[in-house]
Amino acid sequence: MTAVLQVEALDGGYGKLTVFRGVSLAVARDQTLGLLGANGAGKTTLLKTIAGALPSTKGRVLLDGRDVTRMPAYLRARAGIGLVPEGRHILATLSVRDNLALTRAIEGHRPDLPPFEHRVAEVYAMFPRLAERASQLGGSLSGGEQQMLAIARALLLKPRVLMLDEPTQGLAPIIVQSLAVTLAGLKGRFAMIVVEQNKAFLEQLADRILQVRSGTLVAADGRPATDN
Amino acid sequence: MNLFTQSVISGLMTGAVYTFLGIGLVLVYRTARILNLAHGETFAITGVAAALLAGAGLPLGAALGLAILISLAFATGLHRFVLRPRAEWPAGTLILITLGAAFVVRGVLILLAGTDPLSFPVMFEGPPVRFAGGAMPLQGIALVVLGFGVSAGVGIFLAATRAGKQLLAAAENPYAAELLGVNVERARITAYAIGGLLGALAGVLLIPLIAVDFQSGLAMTLRGFIAAAISGMSPVGVLFSGLGLGLFEAMVGAYLGALYQDPVMFCVLILVALWQSRNIRFGGSRRA
Ligand SMILES: Nc1ncnc2c1ncn2[C@@H]1O[C@H](COP(=O)(O)OP(=O)(O)OP(=O)(O)O)[C@@H](O)[C@H]1O
Ligand SMILES: [Mg+2]
């Protein structure tokens, strides 16, 4: 298997507090990995560390075989690690369009990028609601619209691997269903890691599911994960 | 001479200076989440450096240019070498460090230039413009025009350019910004650089009309901060609050007497602090 993202024996946490230990996983370029886990298990901390927003204390993160362990988050984003963060983190004082335009930071760092207008048109086609609200402030969007914007932003990074942290959190069941359809449509275009507490949602989407249990990765049936 | 017109003129000039200083404080506060009490030192450093360099025989233009560069180096260096390595420290401690830096600058200025006020020639020479019973030096007109022009320019930079929006994004939510590929650190250094440049410009334009000494920095920080706080730390609002504050201070000086200016300004500071204390947090917000 040629993995786009490979995590090797990674440790991470906050300062002296280690939240996860010895996490190894590999995701192929057309594969979707699901991560389940209880509150406080360390899922968000793991994704943030892979994205470079938190430092790791041991182990390595490889993107397309390249060691990015010491790379700051903004360079990992430009290199193709996209994270739709828990809580969405929409820029409330910027318009929808300006939220999207921030991703132009990748220009000059990626080969063969179509013009920005074309890239935006593509995500507007996927989320017409965002096109209608393009000039509205991010903070004035509904929760579901904010989740669309957060995903649209990450897509504009042209991710090699897209990570989503609890994308269904706080969404009405009908919106969860349409999100499942949207994400299913993206499946196979790039590697994905989806963190969810909603097991049914994950089973619809993921090629395989692992569990985060107090900071270590185990197979869904509880046995130690022998990933990669 | 008409006292009212003359006060409006001097109020416009000091108002432009407060706007200049307020913008730098706001940008740094919003992007790096630090209340930089050494900010006004950019004004004092520029003034003293320009006076010494011009006094040593350098052509005025070169002296001013060099002084501006020194101020820029101070502002960005303070961030890069003093504050950034301690980004995880409590905000209150960092504020004290900036105050310490202000006093270090004071000491260095005394060592280099002594305690007497210094000045240097104006850039814009010529007879003052007279109108409505008042007189405004050409340099003062340049100060007001540039002060509000440059401040408006910063507003346009923030609202309409890609780098400006990156700066606003980094200010609002550095985590979200970096996940989108924005170099948050560069946005912060840009904020300090704009602050250092505007503080220096204020010095270059105002000091020939008054004078500068080792104490000028903190006085400028104070005025800039009041203007910034009245605006609610808004980079556009500070244009108006700076102007209003300058006019108010000039009127106090004209109708109550110059001795009242400082006490009245401190009262304004206390009132603004009480009024804005719910909006402006000095330690609570995330500095990630
Ligand atoms: N900023 C922080 N500083 C210190 N500890 C933290 C911080 N954020 C999270 N933690 C701790 O790290 C552990 C893992 O948190 P994390 O957010 O990764 O869990 P999670 O699996 O995403 O949980 P949830 O399902 O509730 O989102 C928790 O014990 C939490 O208290
Ligand atoms: Mg979480």
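Because the structure is a prediction, the values reported are computed rather than measured. (Residues numbered from 1 in each chain as written. Chains lettered and ligands numbered in written order. Predicted model: local features only at pLDDT ≥ 70, side-chain atom pairs only at ≥ 80, totals over all residues. Heavy atoms only, no water.)

Chemist: Before we move on, can you summarise the overall build of chain A with the specific residues and values?
Modeler: Regarding its fold elements, chain A presents eight helices and ten strands. Here the C-alpha atoms of chain A give a radius of gyration of 17 Å, agreeing with the 17 Å that 2.2 N^0.38 yields for 228 residues. The C-alpha extent of chain A, read off along each of the three principal axes, is 45 × 40 × 35 Å. Partitioning the contacts of chain A with sequence separation of at least 6, the portion at a separation of at least 24 is 69%. One way to put it: in chain A the 27 positive side-chain charges average out to a point 4 Å from where the 20 negative ones average out. (Helix = DSSP H or I, 4+ residues; strand = E, 2+ residues; numbered from the N terminus. Rg over C-alpha atoms; globule rule 2.2 N^0.38 Å. Contact = heavy atoms within 4.5 Å. Lys, Arg positive; Asp, Glu negative; His and termini not counted. Charge placed at Lys NZ, Arg CZ, Asp CG, Glu CD.)

Chemist: Which residues make up the overall build of chain B, and what values go with them?
Modeler: Counting its secondary structure elements, chain B contains eleven helices and two strands. Here the C-alpha atoms of chain B give a radius of gyration of 19 Å, agreeing with the 19 Å that 2.2 N^0.38 yields for 288 residues. Taken over the C-alpha atoms alone, chain B extends approximately 60 × 45 × 35 Å along its principal axes. Taken across its 288 residues, chain B has 52% of its residues classed as buried. (Buried < 20%, exposed > 50% of the residue type's maximum accessible area, 1.4 Å probe, protein only.)

Chemist: Can you explain the nonpolar core? Please cite residues and give values.
Modeler: In this structure, Val 17, Leu 27 and Leu 143 of chain B are the most contacted members of the largest nonpolar core, which totals 87 residues. If near-sequence neighbours (up to four positions away) are discounted, Leu 143 of chain B is found in contact with Met 13, Ala 16, Val 17, Phe 20, Leu 205 and Leu 206 of chain B. Grouped together as the second largest cluster of nonpolar side chains are 38 residues, Ile 90, Ala 152, Leu 155 and Ala 180 of chain A included. (Core = buried A, V, L, I, M, F, W, Y, C linked by side-chain atoms within 4.5 Å.)

Chemist: Go over the environment of Leu 156 of chain A, please, and point to the residues and values.
Modeler: The topology assignment puts Leu 156 of chain A in helix 6 (residues 143-156). In this structure Leu 156 of chain A touches Leu 100, Thr 103, Ile 106, Phe 116, Arg 119, Val 120 and Val 123 of chain A, once residues within four positions along its chain are discounted.

Chemist: Give a description of the interface of chain A and chain B that names residues and reports values.
Modeler: Contact residues are listed per partner, giving 24 residues for chain A and 15 residues for chain B. Taking both sides of the interface into account, the surface hidden between chain A and chain B amounts to around 1800 Å²; carbon and sulfur atoms contribute 61%. Broken down residue by residue, the surface that chain A buries against chain B is led by Tyr 74, His 89 and Leu 102 of chain A, which jointly contribute 29%. At the junction of chain A and chain B, the tally comes to two salt bridges. Where chain A touches chain B, the interface holds six residue pairs in polar contact (both at pLDDT 80 or more). Elements with a contribution of two residues or more to the side of chain A that touches chain B: helix 1 (43-51), helix 2 (73-79) and helix 3 (96-101) of chain A. Here the side of chain A that touches chain B takes four residues from helix 2 of chain A, the largest share from any one element. Looking at the side of chain A that touches chain B, its residues break down into 14 nonpolar, four polar and six charged. (Buried area = accessible area lost by both parts, 1.4 Å probe. Salt bridge = Lys/Arg side-chain N within 4 Å of Asp/Glu carboxyl O. Polar contact = N/O pair within 3.5 Å; in protein donor to acceptor, adjacent residues only side chain to side chain. Nonpolar A, V, L, I, M, F, W, Y, C, P; charged D, E, K, R; others polar.)

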